[in-house]
Amino acid sequence: MDRLVHLDLKGAPPQITYLEKVVPLVASWGATGLLVEYEDTFPYWEPLEGVQSSSSYSKKDVQSLLQIASGCQLIVIPLIQTFGHLEFVLKHNQWSYLREVERFPSEVCPSCDDTIPLLETMITQILTLHPDSPYLHIGCDEVWEMGHCSNCKKTEMKREELFLRHVTRLAHCIKTIQPKIVPIIWDDMIRTTDPQLLKESGLSECVEIMVWSYGETLNFPPGMWERYGKTFGKIWVGTAWKGASGVDALLPNVNMHIHNHEAWMQLLQSETAFSSFTFQGLALTGWSRYDHYAVLCELLPVGLPSLALCLGTLQQGSFSEWLHSSVSRSLGFREVIPLDPLPRHVIVEDLNQEESFPGSEIYLAVLHLAGVHHRTLELKATMVFRGWFHDYNVQRKFINPRHVELILHQLTELNESLEKTRKSLGESLKQYVKAEAEWMGCNVEPLSRELSCLLSSARELVLGPPAPST
Ligand SMILES: [Zn+2]
């Protein structure tokens, strides 16, 4: 059974020097492969050069990643979207005419003559740099807009038919480029599709499906497994170890991710549901952002303890206190890895940095930052803040210094704590990921501006206006 760790490079792509340290660790935790989602970080070349973002990898970087993985006996499966979630291509003027809906950049029109040649070029380039991959994941999830444009309407096909026609065309195109490659798709667009329609389309003969669910409980439409059982011989499943518990989450909800893996293991062990399939393996997804236009969620270094626990849960068959403490010890935690998503009140230096995991200083700094965010919200919810420091009163200087002094004291402490965190993050983040400015701009700067503004109001009210600068 393969255990693929998903590297979502479309947000905060890790430096190759960081992956050199992380990939062997992930292999030692029980991974057997990597599912690498490049999006706009792949080093596309002509005629697709414009697709690359400023934080894309070079061809040499991709080769280095493959070498690192191969040195750890990990297979690498590239993932490239080919239907929905094509914002990274369709946002560019050069390709925007291929959108299904002119004003939305996500879905490509499956009926336009130029669509398949464009996707074929993308796939050829990806496969050229991954000559040994046995599979290619072609995405195809969340294709919300279908059948709107005049080309698609002319076909008089239903949404399901348009979807199946596009995916089977792509699968045949991949076979022509590289006959040994097996395409994989996310399954969510066909969960309620009639098995007869699936069979007639030929889809089941040319792709394997990856059934995903990331919550603590797994919810699927009634009869889905029976329908899949009549259609597909081989299936994969998709779990999550980060990036599935909040679009702007700083820290993963480790409890939720462990329960997600336990729920999948229980389902996979229930013979009735899975007796008709060959179960190929799992992809443990670790999302960096929900889509191209979303903000970043948890950073890779911050998610590593969750990944270690999820892989451990799969290896052991269940989560236990023993697993929790042994994984925690191996990652250098003095206590156990916190499973609670909410930051703790008292931040303690709970990692032995000397024996810890690569990027642990980022993990600690983000834990501190989450604490500052949390304590700021708590301060704003207090009776003193709501009752005696309202913006209306502050603007009119209608305040009692006795109350504002208390608030000033707490704001000063929060601001100092934030500045300390900003300093340590600013120094170390660049070593690990390429999106330091975006992450700081979303997670540190707005809070810093808010605290500075509140602090200067409180200071002025208690101590009087600052002396004029000369
Ligand atoms: Zn169309």
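The residue numbers shown here count from 1 along each chain, following its written sequence. The predicted nature of this model means local features are confined to residues of pLDDT at least 70 and side-chain atom pairs, given and counted, to a pLDDT of 80 or more, with totals for whole chains, interfaces and linings taken over all residues. Side-chain figures throughout are based on the complete set of non-hydrogen atoms in the structure, without hydrogens or water.

So, about unusual backbone geometry. With glycine set apart, most residues show a phi of negative sign, and most peptide bonds adopt trans. Here the amide bond leading from glutamate 46 into proline 47 is cis, since omega sits at 5 degrees, within 30 degrees of zero. Helix numbering and strand numbering both begin at the N terminus, where a helix is a DSSP run of H or I of at least 4 residues and a strand a DSSP run of E of at least 2. Tracing the sequence through the fold places proline 47 in the loop between strand E2 (33-37) and helix H2 (59-71). Even without a glycine there, the phi angle at glutamate 156 is positive, about 55 degrees. Its location among the elements puts glutamate 156 in the loop between helix H5 (150-155) and helix H6 (159-177).

Okay, the environment of leucine 35 next. Relative to the helices and strands, leucine 35 is located in strand E2. Relative accessibility thresholds used throughout: buried, under 20% of the residue-type maximum; exposed, over 50%; partly exposed, between the two (1.4 Å probe, protein chains only). By relative accessible area, leucine 35 is classed as buried at 1%. Contacts between residues were defined by any pair of non-hydrogen atoms, one from each residue, lying within 4.5 Å. With residues up to four places along the chain from it excluded, the contact list for leucine 35 reads Leu4, Val5, His6, Leu7, Ile77, Leu79, His137, Met210 and Ala283.

In this section: the pattern of salt bridges. We define a salt bridge as a side-chain nitrogen of Lys or Arg found within 4 Å of a carboxyl oxygen belonging to Asp or Glu. Enumeration over the complete set of coordinates arrives at nine salt bridges. Glutamate 438 is the salt-bridge partner of arginine 289, the closest N and O atoms lying 2.8 Å from each other. Here the residue arginine 289 occupies a position in the loop between strand E8 (278-286) and helix H12 (300-316), and glutamate 438 occupies one in helix H18 (residues 436-443), the gap between them amounting to 149 residues. A relative accessible area of 29% places glutamate 438 in the partly exposed class. Two residues, glutamate 427 and lysine 423, come together in a salt bridge whose shortest N-O distance is 3.6 Å. Here lysine 423 and glutamate 427 lie together in helix H17 (residues 401-432), a separation of four residues that amounts to about one turn. For lysine 423, a relative accessible area of 56% puts it in the exposed group. Residues joined by salt bridges that share partners form a network here, namely Asp8, Lys10 and Glu37.

The next thing to look at is the coordination of the zinc ion. Metal sites are built from N, O and S donor atoms within 2.8 Å, or 3.2 Å for Na, K and Ca, and they leave out water, so they may look incomplete. At 2.2 to 2.3 Å from the zinc ion lie its protein donor atoms, namely Glu100 (OE), Cys109 (SG), Cys149 (SG) and Cys152 (SG). The site at the zinc ion holds four donor atoms, and with the angles between them running 100 to 123 degrees, its shape is tetrahedral. In the primary sequence, the donor residues of the zinc ion line up as E-x8-C-x39-C-x2-C. Of this pair, glutamate 100 sits in the loop between helix H3 (87-90) and helix H4 (115-129) while cysteine 152 sits in helix H5, and the two are 52 residues apart along the sequence. There is no split in this pair, since glutamate 100 and cysteine 152 are both buried. Donor angles set the geometry label: tetrahedral for four donors if every angle is between 85 and 135 degrees, square planar for four and octahedral for six if opposite donors exceed 155 degrees and the others are between 65 and 115, irregular for anything else.

Per the annotation, domain bounds derive from an automatic or database assignment of domains. Taken as a whole, the chain is organised into domain 1 (2-330) and domain 2 (359-463). Using C-alpha coordinates to define each centre, domain 1 is positioned 38 Å away from domain 2. Counting residues at the interface gives 21 residues for domain 1, matched by 19 residues for domain 2. Two parts placed together each lose some accessible area under a 1.4 Å probe, and the buried area is that loss summed for both. A combined buried area of about 1,700 Å² lies between domain 1 and domain 2, and 71% of that area is made up of carbon and sulfur atoms. The three residues of domain 1 that bury the most area against domain 2 are Gln15, Leu250 and Leu299, which together make up 33% of that side's buried surface. Distance and chemistry together define a polar contact, namely a pair of N or O atoms within 3.5 Å, with one atom able to donate a hydrogen and the other to accept it when in protein, and with adjacent residues in sequence counting only for side-chain atoms on both sides. Viewed at the interface, domain 2 and domain 1 are joined by six residue pairs in polar contact (both at pLDDT 80 or more).

Turning next to the UniProt feature "domain: Glycoside hydrolase family 20 catalytic" (unreviewed entry) in the chain. UniProt positions are given in the numbering used here, feature names are shortened, and annotations may be inferred rather than shown by experiment. Here, UniProt's "domain: Glycoside hydrolase family 20 catalytic" (unreviewed entry) annotation points to residues 51-213. Split by type, residues 51-213 is 42% helix and 11% strand. Its first and last C-alpha atoms lie 30 Å apart.

A word on the nonpolar core. General note: in soluble globular proteins, nonpolar side chains tend to be found buried as a group. Here the nonpolar core consists of buried residues drawn from Ala, Val, Leu, Ile, Met, Phe, Trp, Tyr and Cys, with membership extended through side-chain atoms lying within 4.5 Å. Membership of the largest hydrophobic core comes to 142 residues, with the highest contact counts inside it found for Leu34, Met122, Phe163, Trp225, Phe389, Leu425 and Trp439. A per-element tally of this core places helix H14 (residues 360-380) first, with 10 residues. Composition of this core by domain shows at least three residues from each of domain 1 (2-330) and domain 2 (359-463). Counting 14 residues, the second-largest nonpolar core is a separate cluster that includes Ile184, Trp236, Ala240 and Trp287.

Here we come to the side chain of lysine 10. Mapping lysine 10 onto the fold places it in the loop between strand E1 (2-8) and helix H1 (16-28). Accessibility expressed as a relative area gives 10% for lysine 10, which makes it buried. Side-chain polar atoms of lysine 10 contact the side chain of aspartate 8, separated by 3.2 Å. Among all residues touching lysine 10, those that are not within four sequence positions of it are Glu37, Glu39, Trp287, Arg289 and Asp291.

A separate point is H4. Take the residue count of a helix, subtract one, and multiply by 1.5 Å to get its expected span. Here H4 contains 15 residues, and its C-alpha end-to-end distance of 22 Å stays within 8% of the 21 Å for a straight helix at 1.5 Å per residue. Of the positions making up H4, those classed as buried are Thr115, Ile116, Leu118, Leu119, Met122, Ile123, Gln125, Ile126, Leu127 and Leu129. Where H4 is buried, its residues meet H2, strand E3 (75-79), H3, strand E4 (135-137) and H6.

On to the pairing of E3. Buried residues dominate E3, accounting for four of its five residues. Two strands qualify as a pair provided that DSSP identifies no fewer than 2 bridges between them. Where E2 and E3 come together, five bridges link them in parallel fashion. Across the sheet, residue glycine 33 finds its bridge partner in E3, namely isoleucine 75.

In this section: the packing of aromatic side chains. Any two rings among Phe, Tyr and Trp, with Trp reduced to its six-membered ring, count as a pair given centres within 6.5 Å; such a pair is stacked if its planes are under 30 degrees apart, edge-to-face if over 60, and tilted if neither. Counted according to the given criterion, the structure contains 19 aromatic pairs. Here tryptophan 186 and tryptophan 287 contribute two aromatic rings whose centre-to-centre distance is 6.1 Å and whose plane-to-plane angle is 50 degrees, an arrangement assigned as tilted. Remark: tryptophan 287 occurs in the loop between E8 and H12 and tryptophan 186 occurs in strand E5 (residues 182-186); sequence separation between them is 101 residues. Ring geometry for phenylalanine 333 and phenylalanine 357: centres 6.4 Å apart, planes at 15 degrees, overall stacked. With phenylalanine 333 in the loop between helix H13 (321-330) and H14 and phenylalanine 357 in the loop between H13 and H14, this pair connects stretches of sequence that are 24 residues apart. Exposure remark for phenylalanine 357: the relative accessible area of 4% places this residue in the buried category. One aromatic cluster is present, built from ring pairs that chain together Phe220, Trp225, Tyr228, Phe232, Trp264 and Phe277. Each ring is checked for a lysine NZ or an arginine CZ that lies within 6 Å of its centre and within 35 degrees of its normal; such an atom marks a charge sitting over the ring. The positively charged end of arginine 191 is found above the aromatic ring belonging to tryptophan 212, 5.2 Å away from the centroid. Taking the ring centre of tyrosine 392 as reference, the NZ or CZ of arginine 396 above it sits at 3.7 Å.

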